[in-house]
Amino acid sequence: MSAVYKDDQEDWLTVCLKYLLFVFNFLFWVGGAAVLGVGVWTVLEKSDYLSLLASSTFAVSAYILILAGGLVVVTGFLGCCAVIREQRSCLSMYFFCLLVIFLIELVAGVLAYVYYQRLSEELKQHLNQTMTENYAQPGKEAITLAVDRLQQDFKCCGSNNSHDWTMSVYILSKPADGRVVPDSCCKTITPHCGKRDHPSNIYKVEGGCITKLEQFLADHLLVIGAVGIGVACLQLAGAVLTACFIYLLYKEEEEDFGTL
């Protein structure tokens, strides 16, 4: 009687774990969609600003999330098939994939957090130099577009203030044609509007573009880090459930083999 009760109990556990894994797979897909969405959104929406950063850590974190999100879509399908078929080999592969994705997303989250800690110092050291030395220079079209978009989007002028432009390569060159700031500093852009740096004509923002860009990137690094680490924890929970399910199937196979 106790053996029958034990068998029923194990069958009940197997069924419960099976449905729990189905629920997990749904959450897994939702989490994967969030990871993929954040990664793609970061790369597409912020791609112009990436050329202004000295290191590629911000971009790498986003690309890692895109990779992880893509793997989640494939792995979620594999997980459903493995649970339905109750094959230990498929479940073992699913378990391995979960651990790999867990590590990938953990790396993305940690990278975002580490870069968040040194973002301010990097911008202070490099942004002004990048803007003043590379703006409107041959072969630096990406940086020029990024600076123009930065100043228009955040309504700012110069790294720290508009006076940063006075010693820039562009302003001191003939193509500037008497401008004291680039036209993208102007509140209303018209040809040669950068010749007047009066507050009524150009943006005068406390802290300049560096403060605006730092806050903007910091907010998005927090999102990348939170999504990466949050979904990584979800993967870890799924790996534990999968390991328990594999163990129960192994025990069932052992008992079936023993009755032969």
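Reading the values: rules and limits
- Residues numbered from 1 in each chain as written.
- Predicted model: local features only at pLDDT ≥ 70, side-chain atom pairs only at ≥ 80, totals over all residues.
- Heavy atoms only, no water.
- Helix = DSSP H or I, 4+ residues; strand = E, 2+ residues; numbered from the N terminus.
- Buried < 20%, exposed > 50% of the residue type's maximum accessible area, 1.4 Å probe, protein only.
- Phe/Tyr/Trp six-rings, centres within 6.5 Å; stacked < 30°, edge-to-face > 60°.
- Axes fitted to C-alpha atoms, helices over the stretch in contact; angles between N-to-C directions.
- Parallel < 35°, antiparallel > 145°, perpendicular 65-115°, else oblique.
- Left-handed = near helix turned anticlockwise from the far one by under 90°.
- Nonpolar A, V, L, I, M, F, W, Y, C, P; charged D, E, K, R; others polar.
- Disulfide = S-S within 2.5 Å.
- Core = buried A, V, L, I, M, F, W, Y, C linked by side-chain atoms within 4.5 Å.

Student: Tell me what's going on with unusual backbone geometry, and back it up with residues and numbers.
Tutor: For Lys 155, which is not glycine, the phi torsion reads 55° and is therefore positive. The phi torsion at Asp 177 lies on the positive side, around 55°, for a residue other than glycine. Along the polypeptide, Asp 177 turns up in the loop between α4 (141-153) and α5 (208-259). What makes Asp 177 partly exposed here is its relative accessible area of 41%.

Student: Describe in detail the packing of aromatic side chains, supporting the description with residues and values.
Tutor: Applying the stated criterion across every chain, the model contains 3 aromatic pairs. With a centroid separation of 5.3 Å and 70° between ring planes, the pair formed by Tyr 135 and Tyr 170 is classed as edge-to-face. Highlighted residues: Tyr 135 in the loop between α3 (88-134) and α4 and Tyr 170 in the loop between α4 and α5, separated in sequence by 35 residues. This pair shows no difference in class: Tyr 135 is buried, exactly as Tyr 170 is. Aromatic side chains Phe 154 and Phe 216 sit 5.2 Å apart centroid to centroid with 65° between the ring planes, which places their arrangement in the edge-to-face category. Taken together, the positions of Phe 154 in the loop between α4 and α5 and Phe 216 in helix α5 put the pair 62 residues apart, joining distant regions of the chain. With a relative accessible area of 18%, Phe 216 lands in the buried category. Chaining the aromatic ring pairs together yields one cluster made of Tyr 135, Trp 165 and Tyr 170.

Student: Quick rundown of the packing of helix α2 (residues 57-85) against α3? Include the residues and the values.
Tutor: Look at α2 against α3: their axes get within 9 Å of each other, and the N-to-C directions meet at 160°. Relative to α3, the element α2 lies roughly antiparallel. As α2 packs across α3, the resulting crossing turns out to be left-handed. For the contact of α2 with α3, a count of residues per class yields 23 nonpolar, 4 polar and 2 charged.

Student: So, the state of the cysteines: which residues are in play, and what are the values?
Tutor: Applying the stated rule across the entire model yields 3 disulfides. The disulfide bridge from Cys 157 ends at Cys 185, spanning 2.1 Å between sulfur atoms. In this structure, the disulfide formed by Cys 157 and Cys 185 twists by about 85° around the S-S bond and is classed as right-handed. You can see Cys 157 sitting in the loop between α4 and α5 and its partner Cys 185 sitting in the loop between α4 and α5, a full 28 residues away along the chain. Cys 185 shares its class with Cys 157; the two are buried. Cys 186 shares a disulfide with Cys 193; S-S distance 2.3 Å.

Student: I'd like a rundown of the nonpolar core, residues and numbers included.
Tutor: In terms of nonpolar packing, the biggest core is built from 53 residues, with Phe 58, Trp 165 and Leu 213 touching the most fellow members. Looking at this core, the elements that each hand over two or more residues are α1 (2-50), α2, α3, α4 and α5. Counting residues in hydrophobic clusters, the runner-up holds 10 residues, among them Leu 17, Leu 21, Val 83 and Leu 91.

Such coordinate-based values are descriptive only and should not be taken to indicate function.
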